[in-house]
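# Inside the fold
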Amino acid sequence: MRMEQRGHKQRQERGSVVGFVLVVLWWSAASAQLRYSISEEVKGGTAVGNIAKDLGIDKSILKERKYRIVRSDTDPLFDVNQNDGVLYVTRKIDREDVCAQSSRCVINIKTVLENPLEVHYVEVEIMDINDHSPVFSDEDVILEISESALPGARFQLKPAQDPDSGPFSVQHYKLSQNDHFRLEIKDKRNDIKIPILVVQKPLDRETALSHTLILTALDEGKPPKFGNMKILIHVLDINDNAPVFSQKEYTVTLNENVPQGTTVIKVNATDLDQGSNGEVVYSFSNSVSPNILNQFDINSLTGDITVKGVINYEDKDEYEIEIQASDKGFAPLTTEKSVIIKIIDMNDNSPEIEVTSFSSSIPEDSRPGTTVALISVNDLDSGHNGKVICSLKEDVPFSLSPALKDKTFSLVTKSSLDREKKSHYNLIITAKDAGEPPLSSVKIISVVVSDVNDNSPEFLLSPYTFYVTEGNNAGSLLFSVTASDRDENENAHISYRIVRKGSENNELTSFLNINSETGDIMALKSFDFETLKTFRFQVVASDSGTPSLSSNVTVNVFILDQNDNAPVILYPVSSNGSAEGVEEIPRNVNAGHLVTKVRAYDADIGYNGWLLFSLQEVTDHSLFGLDRYTGQIRTLRSFTETDEAEHKLLILVKDNGNVSLSATATVIVKLVEPKEAFAASDVKSAAKDDEDNNVTFYLMITLGSVSVLFIISIIVLIAMQCSKSPDYTSKYLQETNYDGTLCHSIQYRSGDKRYMLVGPRMSIGSTIVPGSHANTLVLPDRRRTSEEVGHSLVACFSSHRTCPSTDSHMCSAILL
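Here the structure is a predicted model, which means the values were calculated and not measured.

### What to know about the overall build of the protein
Broken down by element type, the protein carries seven helices and 57 strands. Taken over 816 residues, the protein has a buried fraction of 39%. Here the analysis covers contacts within the protein between residues at least 6 apart in sequence; of these, 64% occur between residues at least 24 apart. When the accessible surface of the protein is split by element, carbon and sulfur atoms take 52% of a total near 46,000 Å².

Written out as structure tokens, the structure is:
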């Protein structure tokens, strides 16, 4: 950019050169004269004018005629080109060197052509440019003027010099702005101007010891150039002044709690007098209070005010101290001044938390926004240091809400409370100010959530299932139900009762009693499995809250069979009811002949009802044998003539209970001759036919009843299944040891009879003991030609259509 500006400036200069060239032509037969003008300071080689062209001389003859400039000096300013006749500058021309300060600078040049001789005169006027600034001979001038000098006093100054001429020489003088002096110009010949300094206003040394002025000389160039001269005027003084403080008032800020000895401010007073009259000492004025004297001190020589005591913003935030400055003159002059010290508050006080109103307990059903406590916060600091922000730590269902009054907060609930989840809160309230660094304080408020009866009692199980052994003692504890309530105190105090009205087993529940405090359930009578196998009832648990809340639970009770029934002999039975019978058989029967069959019945079921037969007494063990499962008595060998005619057999029938119960039957076997046996056999056959007919009749009635009961049971079970929820039925009659196996049957033959044993599935290695109760059915003998076909179907029903091992009484066998 600068290079472009320079090039542009050079182009302007060249243009100006061309513009300033003036050609004046005089010609005659032997000579001619030309006149050119050119600015000073042009570069060497700059063309002044084309002499050959201006004179009308052919350029081609210039060399031939030895065209040249006649030189009178060794360092010419101009030369002519013999090729084209152009007059040009040989070096840079300084007008001030060539013509000094002449008003007009003209260079005369004589050019010559030979053969024939021709002389031409050329005048070149060097035009002045403003290339010099005015310059003073002395840059600094010192004048001493007494303060008693009167206005109008004149002091002539040396003029400035400028080598340029005309308007580019010194044309004006200018004096810097001041109140005490003015400038006058005296014009002399040769355009010389003399500056004169004139006192305009009386001088006062106490006001100003000296004055500094700037005198500026300017020319009329565009832009003008100038030169400066500094004038230092010393004012001579007299002693007539008191000390003067450097400031009209002193105001300073001071942080509180600064250490003792800290400099607060340095006051300064000056006395314009000299010697002892100008020496100043400092002190507190007589009006300063003792409190200030205890807090601050002043240095009498330097004027430093320092801290002497403890500065506390909270005690006082501003001090105004009167100080005085005195000189050491014979009659001291004194000046007083006030120093105002403003104390800056530092963050040196932590916020204080005060709980003005507080409810230590709040109900758990309180709505969000319920006020728990009113909290006020105070900070002795001011400004940002006194602004306090309160907050709660941890995620708690409480919040702080600003109150209408400043620095007051309300502790309120922000969400629902639940005592059962959390009954006690230690609320940590933090108050933090906005100082740097911030200070904080902590307050812990303990809030207890009081209980409301909002939880119903809950039973540990639902439903309850209990197994009670039959034959329990009336009034003894059967079992217990337990409920809990998550509330506390009276709201958690539970009482129990049995639902009696509207109960399906209303008559049965009247024999049950429950302890209202403990939930212990007792029966007022003994249960008999053979009479009652299962029942259910409901228990209600209620708390003591207001209003009271309650819940109920279903209790399922299953009666477990005990071996409490001894076997009953059905055959043989005598006319007087005793288990005795007489059997007559021919003496000539073979081994294996069926003598008779002992029949027995046990009211118990399962293992307790499975019967075993054994011979306790017999006259000859080699003659008779007893099937331990069927009770059949058969001959073991043929009779001989030596065998007695009458034999007594004592048969023991016992069940398979843990504590076995038993019964005995006596069978007397008489040996008769074949003819008597046939007659007796006819009579017995008739009696037996009657007996078989009766048995068949009773069996048909029993099977019909079982079928009807079976159909009714199916309908009832379907209805119960539809009316009950899946959750309840899935829990009913569940046993942890049950493997899901249905009941099974075992068929076996003994003599001319077939038997089917119905019971629960037994593990491998268990003993099967057949009885004569519902577990054992005697099947009639059905034969077709030479093979026997039998088909049995066993179905087992319960509330889940399964047969647990402990509830084999729910099984039934049906002969198809």
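### Topic: a nonpolar patch on the surface
A contiguous nonpolar surface patch, about 410 Å² in accessible area, is contributed by Val 708, Leu 709, Ile 712, Val 716 and Met 720. Assignment of secondary structure puts Met 720 in helix H6 (residues 674–723). We classify Met 720 as partly exposed; its relative accessible area is 30%.

### A short note on the nonpolar core
Ranked by size, the top nonpolar core spans 27 residues in total, and within it Val 481, Phe 537 and Val 539 carry the most contacts. Those elements that place two or more of their residues in this core are strand S34 (464–469), strand S35 (477–480), strand S37 (494–498), strand S38 (512–514), strand S39 (520–523), strand S40 (534–543) and strand S41 (550–560).

### Describing the sheet that holds strand S50 (residues 662–672)
Strand order across the open sheet formed by four strands is S43-S50-S49-S46, with mixed pairing between neighbours. The two strands at the open ends of the sheet, each matched to only one other strand, are strand S43 (580–586) and strand S46 (612–618). Strand-to-strand twist across the sheet, computed as the mean angle between neighbouring axes with direction ignored, equals 30°. With six bridges connecting them, S46 and strand S49 (residues 646–654) associate as antiparallel partners. When the bridges of S49 are listed, Ser 614 appears paired with Leu 652.

### So, the environment of Thr 306
Relative to the elements of secondary structure, Thr 306 occurs in strand S22 (residues 304–307). Distance in space between the C-alpha atoms of Thr 306 and Pro 259 is 10.0 Å, their sequence separation being 47 residues.

### Side note on the pattern of salt bridges
Applying the stated criterion across every chain yields a total of 13 salt bridges. Linking Asp 138 and Lys 158 is a salt bridge whose minimum nitrogen-to-oxygen distance equals 3.5 Å. With a gap of 20 residues between them, Asp 138 in the loop between strand S8 (118–127) and strand S9 (140–146) and Lys 158 in the loop between strand S10 (154–156) and strand S11 (172–175) connect regions that are remote in the sequence. Between Asp 620 and Arg 637 there is a salt bridge whose closest N-O contact spans 3.4 Å. Of the two residues, Asp 620 is situated in the loop between S46 and strand S47 (624–626) and Arg 637 in the loop between strand S48 (632–635) and S49; the sequence distance between them amounts to 17 residues. Given a relative accessible area of 23%, Asp 620 falls into the partly exposed group. Through salt bridges with shared partners, one network takes in Arg 419, Glu 420, Asp 451 and Glu 488.

### Some words on the pairing of S40
Taken across its 10 residues, S40 has eight buried, putting it largely inside the fold. Here five bridges tie S37 to S40, and the two strands are oriented antiparallel to one another. Residue Arg 497 lies in a different strand from S40, and its bridge partner there is Val 540. Sheet topology places S40 next to S41; nine bridges connect them, and they run antiparallel. From the neighbouring strand, Arg 536 faces S41, where its bridge partner is Asn 556.

Rules behind the numbers
- Residues numbered from 1 in each chain as written.
- Predicted model: local features only at pLDDT ≥ 70, side-chain atom pairs only at ≥ 80, totals over all residues.
- Heavy atoms only, no water.
- Helix = DSSP H or I, 4+ residues; strand = E, 2+ residues; numbered from the N terminus.
- Buried < 20%, exposed > 50% of the residue type's maximum accessible area, 1.4 Å probe, protein only.
- Contact = heavy atoms within 4.5 Å.
- Areas by Shrake-Rupley, 256 points an atom, 1.4 Å probe, with all protein chains shown as cover.
- Patch = residues over 30% accessible without salt bridge, like charges linked within 9 Å, V, L, I, M, F, W, Y side chains within 5 Å.
- Salt bridge = Lys/Arg side-chain N within 4 Å of Asp/Glu carboxyl O.
- Core = buried A, V, L, I, M, F, W, Y, C linked by side-chain atoms within 4.5 Å.
- Pairing = 2+ DSSP bridges.
- Axes fitted to C-alpha atoms, helices over the stretch in contact; angles between N-to-C directions.

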